[in-house]
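# Observations on the three-dimensional arrangement
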Amino acid sequence: MFSLTRPFLRLFTTGLLLALLSLTGCQSVPPKGLTPQQVAVLKQEGFELTDEGWAFGLSGKVLFGSDIETLNAASTEIVERIGKALVSVHIDKVRVDGHTDASGKETYNQQLSLRRAKSVSKVLVATGMREENIQLRGLGSSEPVASNTTVAGRTENRRVSIVVIAD
């Protein structure tokens, strides 16, 4: 009788273990990072993967005049399109970084760059993003993308970037 219970016990234990393993597979853990659909939309909209996340550098696209913090109509349309695309795939947290050229005092430029970020944030909120999910940074002239010694370079440096950070 002892020889019959050992195989039965082994089979029962194996079956129980398999049942437990299959049940643990049913528990869903929220995925970290972005879904393939979200990544596809980011790429489609022109975002690029950087060390800080997916960034849409608005240099060359959403530029500001010298000492201007408001978006023009063309720039507003670009930000609206991006905001709607992000909301459509449930990307609801972004960071908006404002930048300036190196003209003027750095303390003023830092404040101006923050106001530029706020103007982009307002458009994103209008597309359905929640204001509390938009982090704003005013970086002044600390991260130029072009030389500040030329008019064209200064124009490129007056910009905003939108960064999607996958948590």
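Here the residue index of a chain counts from 1 through its sequence in written order. Local features in this predicted model are restricted to residues of pLDDT 70 or higher, and side-chain atom pairs are both shown and tallied only at a pLDDT of 80 or more, whereas totals for entire chains, interfaces and linings draw on every residue. Values reported for side chains reflect all heavy atoms of the structure, with hydrogen atoms and water molecules removed beforehand.

### Things to note about the environment of Glu77
Its location among the elements puts Glu77 in helix α3 (residues 73–88). Note: C-alpha distance between Glu77 and Val123 (46 residues apart in sequence) is 9.1 Å. Runs of H or I in DSSP of at least four residues are treated as helices and runs of E of at least two as strands, each being numbered from the N terminus.

### Focus on the confidence of the model for the protein
Looking at the protein, pLDDT values average 85 and 77% of them are 70 or higher. When mean pLDDT is compared element by element in the protein, strand β4 (residues 134–138) scores highest at 97, while helix α1 (residues 2–24) scores lowest at 60. Every residue gets a pLDDT, meaning the predictor's confidence in that residue, from 0 to 100. Here, two residues are considered to be in contact whenever any of their heavy atoms come within 4.5 Å of each other. Of the regions scoring below 50 in pLDDT, residues 27–31 engages in zero contacts with residues more than four places distant in sequence or in other chains.

### As for the nonpolar core
The biggest cluster of nonpolar side chains holds 25 residues, and the ones touching the most others in it are Phe47, Leu86, Val94 and Leu124. Tallying contributions element by element places α3 first for this core, with five residues. Sequence-distant contacts of Phe47, that is, excluding residues within four places in its chain, are made with Leu42, Trp54, Ala55, Phe56, Ile82, Leu86, Ile162 and Val164. Residues belong to a common nonpolar core when they are buried Ala, Val, Leu, Ile, Met, Phe, Trp, Tyr or Cys residues joined through side-chain atoms within 4.5 Å. Each residue gets one of three labels from its accessible area relative to the maximum for its type: buried under 20%, exposed over 50%, partly exposed in between, using a 1.4 Å probe on protein chains only.

### Some remarks on helix α2 (residues 36–45)
Along α2, the residues that are buried comprise Gln38, Val41, Leu42 and Glu45. Each buried residue of α2 lies within a common arc of 100° when the element is viewed along its axis, so the set occupies one face. Opposite the packed face of α2, turned more than 90 degrees from it, sit the exposed residues Pro36, Lys43 and Gln44. Taken together, the buried residues of α2 touch β2 (53–57), α3 and β5 (160–164). Directions pointing from the helix axis toward each C-beta atom define the arc.

### A look at the side chain of Arg158
Examined against the element boundaries, Arg158 turns out to sit in the loop between α5 (151–157) and β5. The term polar contact refers here to a pair of N or O atoms within 3.5 Å; inside protein, the definition further demands a hydrogen-donor-capable atom paired with an acceptor-capable atom, and it admits residues adjacent in sequence only when both atoms are side-chain atoms. Looking at Arg158, its side chain comes within polar contact range of the side chain of Asp101, at 2.8 Å.

### Quick look at the environment of Gly46
Along the chain, the position of Gly46 falls in the loop between α2 and β1 (48–50). Put simply, Gly46 and Gly57 are eleven residues apart on the chain and 8.6 Å apart in space, counted from C-alpha to C-alpha. Apart from residues lying up to four places away in sequence, Gly46 is in contact with Ala55 and Phe56.

### Some thoughts on the sheet that holds β2
Two strands are said to pair when DSSP picks up at least two bridges between them. Ordered by their spatial adjacency, five strands build an open sheet running β1-β2-β5-β3-β4, and the pairing between neighbours is mixed. Looking along the sheet, the strands with just one partner apiece sit at the ends: β1 and β4. Strand-to-strand, the axes of this sheet are offset by a mean angle of 30°, without reference to chain direction. Pairing of strand β3 (residues 94–98) with β5 involves four bridges; the strand directions are antiparallel. When the bridges of β5 are listed, Val96 appears paired with Ile162. For helices, the fitted axis covers only the stretch in contact; all axes are lines through C-alpha atoms, and the angles between them, taken along N-to-C directions, range from 0 to 180 degrees.

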